[in-house]
There are 12 protein chains.
Amino acid sequence: MSQPITSTLDTEQQKVAGEALRATVIDLIDLSLIAKQAHWNVIGRNFRSVHLALDELVTAARDFTDAAAERATAVGVSPDGRAETVAKESGAVGFPDGWQQDTDVIDGVVRNLTAVIQRLRERIEATEKADPVTQDLFIGFAARLEQLHWMWQAQVATS
Amino acid sequence: MSQPITSTLDTEQQKVAGEALRATVIDLIDLSLIAKQAHWNVIGRNFRSVHLALDELVTAARDFTDAAAERATAVGVSPDGRAETVAKESGAVGFPDGWQQDTDVIDGVVRNLTAVIQRLRERIEATEKADPVTQDLFIGFAARLEQLHWMWQAQVATS
Amino acid sequence: MSQPITSTLDTEQQKVAGEALRATVIDLIDLSLIAKQAHWNVIGRNFRSVHLALDELVTAARDFTDAAAERATAVGVSPDGRAETVAKESGAVGFPDGWQQDTDVIDGVVRNLTAVIQRLRERIEATEKADPVTQDLFIGFAARLEQLHWMWQAQVATS
Amino acid sequence: MSQPITSTLDTEQQKVAGEALRATVIDLIDLSLIAKQAHWNVIGRNFRSVHLALDELVTAARDFTDAAAERATAVGVSPDGRAETVAKESGAVGFPDGWQQDTDVIDGVVRNLTAVIQRLRERIEATEKADPVTQDLFIGFAARLEQLHWMWQAQVATS
Amino acid sequence: MSQPITSTLDTEQQKVAGEALRATVIDLIDLSLIAKQAHWNVIGRNFRSVHLALDELVTAARDFTDAAAERATAVGVSPDGRAETVAKESGAVGFPDGWQQDTDVIDGVVRNLTAVIQRLRERIEATEKADPVTQDLFIGFAARLEQLHWMWQAQVATS
Amino acid sequence: MSQPITSTLDTEQQKVAGEALRATVIDLIDLSLIAKQAHWNVIGRNFRSVHLALDELVTAARDFTDAAAERATAVGVSPDGRAETVAKESGAVGFPDGWQQDTDVIDGVVRNLTAVIQRLRERIEATEKADPVTQDLFIGFAARLEQLHWMWQAQVATS
Amino acid sequence: MSQPITSTLDTEQQKVAGEALRATVIDLIDLSLIAKQAHWNVIGRNFRSVHLALDELVTAARDFTDAAAERATAVGVSPDGRAETVAKESGAVGFPDGWQQDTDVIDGVVRNLTAVIQRLRERIEATEKADPVTQDLFIGFAARLEQLHWMWQAQVATS
Amino acid sequence: MSQPITSTLDTEQQKVAGEALRATVIDLIDLSLIAKQAHWNVIGRNFRSVHLALDELVTAARDFTDAAAERATAVGVSPDGRAETVAKESGAVGFPDGWQQDTDVIDGVVRNLTAVIQRLRERIEATEKADPVTQDLFIGFAARLEQLHWMWQAQVATS
Amino acid sequence: MSQPITSTLDTEQQKVAGEALRATVIDLIDLSLIAKQAHWNVIGRNFRSVHLALDELVTAARDFTDAAAERATAVGVSPDGRAETVAKESGAVGFPDGWQQDTDVIDGVVRNLTAVIQRLRERIEATEKADPVTQDLFIGFAARLEQLHWMWQAQVATS
Amino acid sequence: MSQPITSTLDTEQQKVAGEALRATVIDLIDLSLIAKQAHWNVIGRNFRSVHLALDELVTAARDFTDAAAERATAVGVSPDGRAETVAKESGAVGFPDGWQQDTDVIDGVVRNLTAVIQRLRERIEATEKADPVTQDLFIGFAARLEQLHWMWQAQVATS
Amino acid sequence: MSQPITSTLDTEQQKVAGEALRATVIDLIDLSLIAKQAHWNVIGRNFRSVHLALDELVTAARDFTDAAAERATAVGVSPDGRAETVAKESGAVGFPDGWQQDTDVIDGVVRNLTAVIQRLRERIEATEKADPVTQDLFIGFAARLEQLHWMWQAQVATS
Amino acid sequence: MSQPITSTLDTEQQKVAGEALRATVIDLIDLSLIAKQAHWNVIGRNFRSVHLALDELVTAARDFTDAAAERATAVGVSPDGRAETVAKESGAVGFPDGWQQDTDVIDGVVRNLTAVIQRLRERIEATEKADPVTQDLFIGFAARLEQLHWMWQAQVATS
């Protein structure tokens, strides 16, 4: 691939940050598609709460996708967010086809969030030396996704 | 698949409308991912115009995806908008990986819009008898996508 | 009744469209009053979700009432939306007096929506030849009411 | 009727406030339906002014209906705002069917406002001891309805 | 004329839709200029109501002009909205020069609306087979213009 | 009076501009009080139009009062807008006590606007040499007040 | 004076409420003119704070003037807010001509507020029996004016 | 304590109103802290509804706190809303430490609201003679808090 | 033509200002129609920039048309903005039919702006003595149109 | 205490972050109560500036409290923000009862801000290894509180 | 320098207007930088008022800079607003380095405003014949800057 | 220079952070002036895109200038953003006088951004130990400036 966009990062830093960002773009697109899938297919007593909360997750996932992809371009790396790439490389755990009971939806969202956050945490460490700007972006994503993780988990928690 | 949501449509009508809607959801998700992919990877003299116009296409594709998916649920059919389904079943023509020259991006967008509109036109005919509410939704999608088709094609047209 | 407002419709078209619109005005006013009645009297664990969702139904019913009534005037037919007329002629199935458990409220809303949508579907067919403008209005009502029907039914659905 | 909602009012206070509120809910729903009926059916030189002013009256009547009904629930009394109840128990003086000349509409609105205000004034006195919170709500309704009464009467007044 | 913009319509469909759209653009521009002319030149007791209502008509006519012209481009047909074309080809009935009494203005607006709606109704039929997207646009125009026709006619109606 | 605020105007210029501004402040306060008086006391068939139009006049008069007074301070001259000063020195023609028929209100407003505009026109000439900034402010006032004068006069005009 | 507007108040009640409201209109107009006068003429170290706070007082005084005047009309009594009437009958203590030191402005505002509030308190008692709606309006005025009184007095207070 | 702010109330009236307001400030701050505590610590199936509803309670409690405290200052009495004062003097019934099940949270909120409303009702009586302005403020608080009490109780009510 | 609206201008001043305003109304309507024509028919690489910039020109032309026409009425002169009058009397240089290359559109816009500005400059001189209010309006038009002229010319300029 | 919410942090990290967050919640609630206390009780020449600036501090303290508490829940730790806990454990230096001179208020705010910032700085260091997400939150708090510290100190600074 | 942008002004007019505009751009950029410098460095009892008022001055200076620069381009003259040009050619009187007492800041602002206004006044005269559009722009700047001059001077004035 | 504002940083930390912030203020002011200079002087086919994009750069540069300067004051260091200081000490590479072709403007912007970002990157490292709050601010600046760098470079990039 040609390198039409230059960066203040050296080649190694660019590689570390670029790979972390490309992988994050893919995870987050998948998360947004899973959340929309759940948003449409949820049924059960808590339909309305779950349906609405899923759109908040979609909004977060979409905003972070765009931020990660445009950070990749800013360090001179082309992001790839096409359906086939997402289908092959996503680190999310997926979601079943068809109508889903609200309790199953909540479990599914918590498991997908856990997987995505875990990978994000690793990238926060990985990019600390390579690029503090990229790291700071990931910290911001983690802050919001961990807040959402609590809110989803709280629905199935018992004291 | 169970049928937890009922509809005033009979089984045949539901089948026709449901299939048309499920396929439309998939085309439109792919269109939105392609437009985002182009939004990030475009380079060249018209970068700014193309970059901004692509986000208008993303907005249209996302809004119509949601409308089509929620119309499917309204007629009792579960939509499937997961990455793997989109990767396998989309009727869009796709988009290459990596940085793309603005002229190539415009060509690619026109070709994808043409493909999606063509399929939508067929579904407008197919749903006329089965469900005028679904047909009216598709007519609205076509109105906007054909407007965008003109705006993109106008950039490469000569009188 | 005198005919102070003229129309491009002929007498027969005006009669078909006018009757369909007058009946729709009545159904929708009753639907809005029933939804408000439920909004105030619901009790139970899902009080908040149901209470809020009912106001969305009220908004839809009121907006459509106004649109149907002003379409009647536009084709030269006087609408009648007074309490006594609504009490006598409404096609909705009604709602009991006093405090109601949330599960009963959901059932009641689904049954009223089903009745109103069924009659609307018949009027979409009836007005196709008489007045495509009126038909298009009814298609728009059905689109939203069938979406709400799914959302209410989803709360009591099991996969 | 069971009493699922408790109140700081004693039984007698609750009875006085509750009855006043239930009757007010009915009067105000009827007022809102009458105002909408007039809004659609008015004709004549002042059509536009009267048509617009009627929607301001609808807004007031609907807002106050909701406030009165939710005050009833707050004191533990279930409100009844269904069409048949309104048709039977409303204290408003009603409105004729069909197209109406603007001058007749103004007279009709003034007479209905006069009737509703008169009953409201009696309830302000009746609830003074029973519940100052309910009384204060009625005072607020009277303030706005008497302002509207002046504005409607001013259109037919001569000095 | 060259055809720089392509369409999914075949040549005959494009011809039918294109002619209907080009003629509609011209009628609506003329309607907007007539409404502005009346907006400035009206005098009489109802000056304020008529002056304000005319700007609502201008807004509708301008919005629909733009929608019709951009629908023409979307089906590959160049619209012509220049003053000389409008002066020659408009189907509106025109408006006299100089100050005009409010009663005459209302009559003139009703007659122009009647003429434009009549032609629009014919085009709704004409485009049904050729292009349902264009037809749906015309149905939307008719819905609003017939509503405005009622509101203007109501000012001179007697029961 | 001391001169705590300095100006780039010389003493003569300051005197001319200052007197014109002080007199304008007084005329405009009186105009705003007259318009409010009419706003409250108007009765008759055009009550609503006149009542609303009077508040537009109040807004203009208040905004211009503030602009004129703060222009006076900007050239180092203290404005005086107290009730007794306005009562003594205003150039407006006044307004009768008590309820007023709408036709009389329109006549009264036209006469007061005529008087205030006439004096403003003289001050536009008087300040041309002394202070173009003050003159430009007066030109802006005249533009709006003459527009309002036309709108009020149009209500009693016949062609 | 004729009585074109009727009221549910009896003659004595109307007289008490009407006189209280007419006098309040006059006090509040004067208060608004005094506050504007001070707004323009204040000088000194606290110019900006005092200048801005005076416009908040103007807003309150103007809003309450309109509310009191329209309450007067609602009970069938014509308000009089003309400059000469205000100059003669106001209960405010007035304000000197010319530039004023900020400390003097604060003292002047406190004294005017004290006078207006004192008279308002008397009218709250006077209207209790005559018209609780008018009394409630006065209570609302007192709440805000006493809050402003504290804020102005706090600027000259020492602990 | 010195009395830097004066009031139109006499010493006894000031004492009654001042004590009622000081105690209300304390109750409402505690209510806002309890609602926030619950907002953070709630878990269970209705997490989202309860979490959101608690912030509406916080908003009400904070707005009323400020209104009560600034009413105290307006009658010349210094309010005390410091943590130690609230901890010692609050009339609310408190809330346990740690995560709480949603059903327990609802019970806790109802009990705290009941306690605060009961004390407010006593103060409405106590201030009737001393200061109708303060009483009117308390009536407004009670109206909203009793509405919230119904909404919370409705979640655990059965018909 | 009768003169139902009076003015403070004398007959000669009214004639000079009135003719300048009537001619300006015609030029600006034509400019707005030309800009819309170009907005729809432009093709080429800069389609998006030119398409968007043309709507800014339309907005300016429409706003100034209304201001000029209402200034004409304010000086007692009836404006004429009908299609046939515009077609006959406009001072703009016109625009060709059919699709237009973006470079040709820019040239066409610059030439039309130049023509309209040139005529406006002459009217600024012509109205200086006759009516400074009208002159000030024209100065405001010239300021914006000359700014737009620069922005359009800058697209074809080379240093 | 049970641990119903899980986290990607290990036990030690959770302990460090959780303790820092719980202590911060307490400090910030106390800071918001102190700022409100000062907001109500300040008197003196700079009353208005200080009164307004204190509400900006309240807003910051409340927003940060919520962010810190929801970060605690996100790492699985229950926050405690009840009045008694705040009274016992806050690290702010407190504020005296009763009316306070503006100069004393400024001193008190600066001292409380200094104490809270000092503790926050220590927690920024303490959480660097344990949880960069929590650390980033604290850095954001410090940025705003140190800005406010400068603004308050600037009021008593001399060069 | 080439002349890529043409103008309706002749060479002499262009020279006069162009020089006045270029010099104004420089003065106003300097004024905006001085105001920001003061905004950051002010200390003393009136810190908050002065700090806020300086940002209003910055806003005015920046808006006028842009308007003057774009007027220069509109008459075909290239503006120069680079730091080195401003440092060399500004007509403002400058501002010292380091923290500044509020009283000194006020004096400094008044002196800079006086210098800039004096030069603007000369340019209003200089451009009267050359270009009334440019003159009108300068009159608008003077109106606002002289208002701000009064507001700043009022803070140090004594009656 | 005296030190009227204190900080929690020690002398060395304050020196490091203070110098970095003072230099950043200067670079960013120069960047904003250069961007404005280019905004006014750009000509060529991409005028509109470049002209608009430059104002986005101005906005970023101005917002960051203010943030950096107020961070300097927050750590007790006086910032210096006067024209002469910027002219002498800026690290940007400058911009030529006179009209500039769009391609040259893009090159110039990219080179200036590169220079400013390079220096910012060094300061991110330099302040890591001295003050994480300042470092975090710089990271935020770099994130946005590097995004803009990509967007500008993309306009001249080829794949």
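Going by the structure above, here's the rest.
Below you will find a few notes about this structure. (Residues numbered from 1 in each chain as written. Chains lettered and ligands numbered in written order. Predicted model: local features only at pLDDT ≥ 70, side-chain atom pairs only at ≥ 80, totals over all residues. Heavy atoms only, no water.)

### As for a negative patch on the surface
On the surface, A:Glu122, A:Glu125, A:Glu128, J:Glu122, J:Glu125, J:Glu128, L:Glu122, L:Glu125 and L:Glu128 cluster together to form a negatively charged patch. Among the secondary structure elements, those contributing two or more residues to the negative patch are α4 (102-130) of chain A, α4 (102-130) of chain J together with α4 (102-130) of chain L. Relative to the helices and strands, A:Glu122 is located in helix α4. (Patch = residues over 30% accessible without salt bridge, like charges linked within 9 Å, V, L, I, M, F, W, Y side chains within 5 Å. Areas by Shrake-Rupley, 256 points an atom, 1.4 Å probe, with all protein chains shown as cover. Salt bridge = Lys/Arg side-chain N within 4 Å of Asp/Glu carboxyl O. Lys, Arg positive; Asp, Glu negative; His and termini not counted. Charge placed at Lys NZ, Arg CZ, Asp CG, Glu CD. Helix = DSSP H or I, 4+ residues; strand = E, 2+ residues; numbered from the N terminus.)

### As for the relation of the copies chain D and chain C
Structural alignment of chain D on chain C gives an RMSD of 0.0 Å, achieved by rotating through 180 degrees and translating 0.0 Å along the axis. The relationship between the two copies is best expressed as a two-fold rotation axis. When C-alpha positions in chain D are compared against the rotation axis, the closest is assigned to D:Ala83, at 2.8 Å. Interface overlap between copies: 100% of the residues of chain D at the interface are likewise at the interface in chain C, consistent with a symmetric, same-surface contact. (Least-squares fit on C-alpha atoms with pLDDT ≥ 70 in both. Contact = heavy atoms within 4.5 Å.)

### Here we look at the interface of chain D and chain F
Contacts between the two partners involve 16 residues from chain D, matched on the other side by 12 residues from chain F. Together, the buried faces of chain D and chain F total about 1,200 Å²; carbon and sulfur atoms form 50% of this surface. Considering only the surface of chain D that becomes buried against chain F, D:Trp150, D:Gln155 and D:Ser159 emerge as the three largest contributors, covering 37% of it. A salt bridge links F:Arg48 to D:Glu56, with the nearest nitrogen and oxygen atoms 2.7 Å apart. The interface formed by chain D and chain F holds three residue pairs in polar contact (both at pLDDT 80 or more) in total. Elements with a contribution of two residues or more to the side of chain D that touches chain F: α2 (47-74), α4 (102-130) and α5 (132-153) of chain D. At four residues, α2(D) tops the list of elements feeding residues into the side of chain D that touches chain F. (Buried area = accessible area lost by both parts, 1.4 Å probe. Polar contact = N/O pair within 3.5 Å; in protein donor to acceptor, adjacent residues only side chain to side chain.)

### Focus: the interface of chain D and chain C
Taken together, the contact pairs 38 residues of chain D with 38 residues of chain C. With both chains or domains summed, chain D and chain C bury close to 3,000 Å², and 62% of this area falls on carbon and sulfur atoms. Interface area lost by chain D to chain C is led by D:Trp40, D:Arg82 and D:Trp99, which between them contribute 26%. At the boundary of chain D with chain C, the tally comes to two salt bridges. In this structure, C:Lys36 and D:Asp66 form a salt bridge, with 2.6 Å as the shortest nitrogen-oxygen distance. If you look at where chain D meets chain C, you find 16 residue pairs in polar contact (both at pLDDT 80 or more). The element that contributes the greatest number of residues to the side of chain D that touches chain C is helix α1 (residues 11-41) of chain D, accounting for 10 residues. Split into classes, the residues belonging to the side of chain D that touches chain C amount to 17 nonpolar, 11 polar and 10 charged. (Nonpolar A, V, L, I, M, F, W, Y, C, P; charged D, E, K, R; others polar.)

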